Amino acid sequence: MRQRNIPRRRGMNCLQENRDRSTLRPRFFAFIFPIQKGGHAQMERYEYPFSALVGQEKLKTALLLNLVEPRLGGVLIQGEKGTAKSTAVRGLAELMDEVEVAEGCPFHCRMDGEALCDECRSSPARRAVPYRRRVVELPVSATEDRVVGTLDLERALKEGVRAFEPGLLAQANGNILYVDEINLLEDHIVDVLLDSAAMGVNTVEREGISYSHPARFILVGTMNPEEGDLRPQLLDRFGLMVEVHGEQEARKEVVRRRLAFEENPAAFCARWVPEQEALRRRIGSAQALLPQVSLPEPLFDTVARVCTALQVDGHRADITMLKTARALAALEGRTEAGMEELRRAAE
């Protein structure tokens, strides 16, 4: 993909320049309002409902597929500003399922899973509590310690205790890790993400002391190609990639819904509850159906032939296409993936 060079101002690096520019453009975030509960004011957060998004079908499908099949490898969303990239990702939180995790575990270890932290592995009798999976955001300006966590070296040296302060990767375990403007991440943060995405484990080492914990997450990144390239190593870690553009035919409806949400977020969200519930049930049914979805032999032949003709390096593309086709079939309620699902997966 060809990308346009952006002229820089003297004395500023690319990251500084884009941060300055980002403050000049409008961004859509959640709305937070004070409400009264039990005589005390609390802040209520409203995210734009995922079901209320107009158009952007490929974007929405790619995100839903990663909820159905978390092993797809996440999704990279590229597009110009104001195309609902961030709004769509943040809206996923309301559609994510509730699971049971070990009580008090900072890594949300599922006691029925294989990836357990040391504490949960040594205490298999820990009580399970409900936990709703969520979207964890990694800011572009985050430091390495904020991302990976920190070790208390003083306690480790004096008491022999590995005291660990969890970071964003700990919060992201079992969740979605979302990075807006992912192409502007510092290189050392990119290296950390690459290691964790490849191994499913985050390891922190300081002064000969190390601590490891599970860090399996769905990586979702958004970016504006005009603001810079994404490192090839990180690009290769995404299972799916979607390019989005502004809705032209439905511009009026996009604006109408957005203004209605800003005018009264609570009423707008309440209006879309039935659609949100229906979509949540659809995702749950697809997750349950996925193990039963079969891949006919002709699909393997087609994928091998296409990837060979395109001289694709490695086999990651072949595997991802078949996984995507199977997840699409499950989302549509079918027990066998066909050529139509494969075609959509390859787009």
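Note: the structure precedes this text.
The following paragraphs examine the structure supplied in this document. Everything numeric in this text was worked out from a predicted model, so none of it was measured. (Residues numbered from 1 in each chain as written. Predicted model: local features only at pLDDT ≥ 70, side-chain atom pairs only at ≥ 80, totals over all residues. Heavy atoms only, no water.)

Description of the sheet that holds strand β9 (residues 176-180)
Strands belonging to one sheet form pairs held by backbone hydrogen bonds; the direction of such a pair is parallel or antiparallel.
Stage number 1. Taken in spatial order, the five strands line up as β6-β9-β12-β3-β13 in an open sheet, and their pairing is parallel. Strands at the two margins of the open sheet, each flanked by one partner only, are β6 (135-137) and β13 (240-244). Recorded for the sheet is a direction-independent mean angle of 20° between the axes of neighbouring strands.
Stage number 2. In the sheet, β6 pairs with β9 via three bridges, with the strands oriented parallel. If you follow valine 135 over to β9, its bridge partner there is isoleucine 176.
Stage number 3. Across the sheet, helix α2 (residues 57-68) touches β3 (75-79), β9, β12 (218-223) and β13, and the angle it forms with β13 is around 155°. (Pairing = 2+ DSSP bridges. Helix = DSSP H or I, 4+ residues; strand = E, 2+ residues; numbered from the N terminus. Axes fitted to C-alpha atoms, helices over the stretch in contact; angles between N-to-C directions. Contact = heavy atoms within 4.5 Å.)

Points about the side chain of threonine 324
Stage number 1. Mapping threonine 324 onto the fold places it in helix α14 (residues 316-331).
Stage number 2. Residue classification places threonine 324 among the buried residues on the basis of a relative accessible area of 3%. (Buried < 20%, exposed > 50% of the residue type's maximum accessible area, 1.4 Å probe, protein only.)

Focus: a nonpolar patch on the surface
Stage number 1. Residues Val254, Val255 and Leu259 make up a contiguous nonpolar surface patch of about 240 Å² in total accessible area.
Stage number 2. Tracing the backbone shows valine 254 in helix α10 (residues 251-263). (Patch = residues over 30% accessible without salt bridge, like charges linked within 9 Å, V, L, I, M, F, W, Y side chains within 5 Å. Areas by Shrake-Rupley, 256 points an atom, 1.4 Å probe, with all protein chains shown as cover. Salt bridge = Lys/Arg side-chain N within 4 Å of Asp/Glu carboxyl O.)

Some words on the pattern of salt bridges
Stage number 1. One pass over the full model with this rule turns up 17 salt bridges.
Stage number 2. Note that aspartate 187 is salt-bridged to arginine 231, the shortest N-O span being 3.8 Å. In this pair, aspartate 187 is assigned in helix α8 (residues 187-199) and arginine 231 in the loop between β12 and α9 (232-235), connecting sequence segments 44 residues apart.
Stage number 3. Residue aspartate 187 is classed as partly exposed on the basis of its relative accessible area, which comes to 48%.
Stage number 4. As a salt-bridge pair, glutamate 277 and arginine 280 come within 2.7 Å of each other at their nearest N and O atoms. Separated by three residues within a single helix, glutamate 277 and arginine 280 lie in helix α12 (residues 273-289), roughly one turn from each other.

What about α2?
Helical geometry note: an α-helix holds 3.6 residues per turn, so side chains three or four residues apart project in the same direction.
Stage number 1. Between its first and last C-alpha, α2 extends 16 Å over 12 residues, near the 16 Å set by a 1.5 Å rise per residue.
Stage number 2. With nine of its 12 residues buried, α2 lies for the most part within the structure. (Expected span 1.5 Å × (residues − 1).)

Some thoughts on the packing of aromatic side chains
Stage number 1. Inspection of every chain in the model, using the stated rule, returns seven aromatic pairs.
Stage number 2. Relative to tyrosine 211, the ring of phenylalanine 107 lies with its centre 6.5 Å away and its plane at 35°, an arrangement referred to as tilted. Taken as a pair, phenylalanine 107 in the loop between β4 (98-102) and α4 (118-122) and tyrosine 211 in strand β11 (residues 209-214) lie far apart in primary sequence, 104 residues in all. In terms of burial, phenylalanine 107 and tyrosine 211 fall into one category: buried.
Stage number 3. Ring geometry for phenylalanine 261 and phenylalanine 268: centres 5.8 Å apart, planes at 70°, overall edge-to-face.
Stage number 4. Residue phenylalanine 261 is classed as buried on the basis of its relative accessible area of 0%.
Stage number 5. Taking the relative accessible area as the measure of exposure, phenylalanine 268 reaches 1% and is therefore buried.
Stage number 6. In textbook terms, an aromatic cluster arises when at least three aromatic residues are bridged by ring pairs, as seen for Tyr48, Phe261, Phe268 and Trp272. (Phe/Tyr/Trp six-rings, centres within 6.5 Å; stacked < 30°, edge-to-face > 60°.)

As for the pairing of β3
Stage number 1. The buried fraction of β3 amounts to five of the five residues, a majority that puts the element mostly inside the structure.
Stage number 2. Where β3 meets β12, four bridges bridge the pair, whose relative direction is parallel. Following the sheet pairing, valine 75 is matched in β12 by valine 220.

Digging into the environment of threonine 83
Stage number 1. With respect to the helices, strands and loops of the structure, threonine 83 is situated in the loop between β3 and α3 (85-91).
Stage number 2. With 162 residues separating them along the chain, threonine 83 and histidine 245 place their C-alpha atoms 6.1 Å apart.
Stage number 3. For threonine 83, the residues in contact, after removing those within four places along its chain, are Gln56, Val244, His245 and Gly246.

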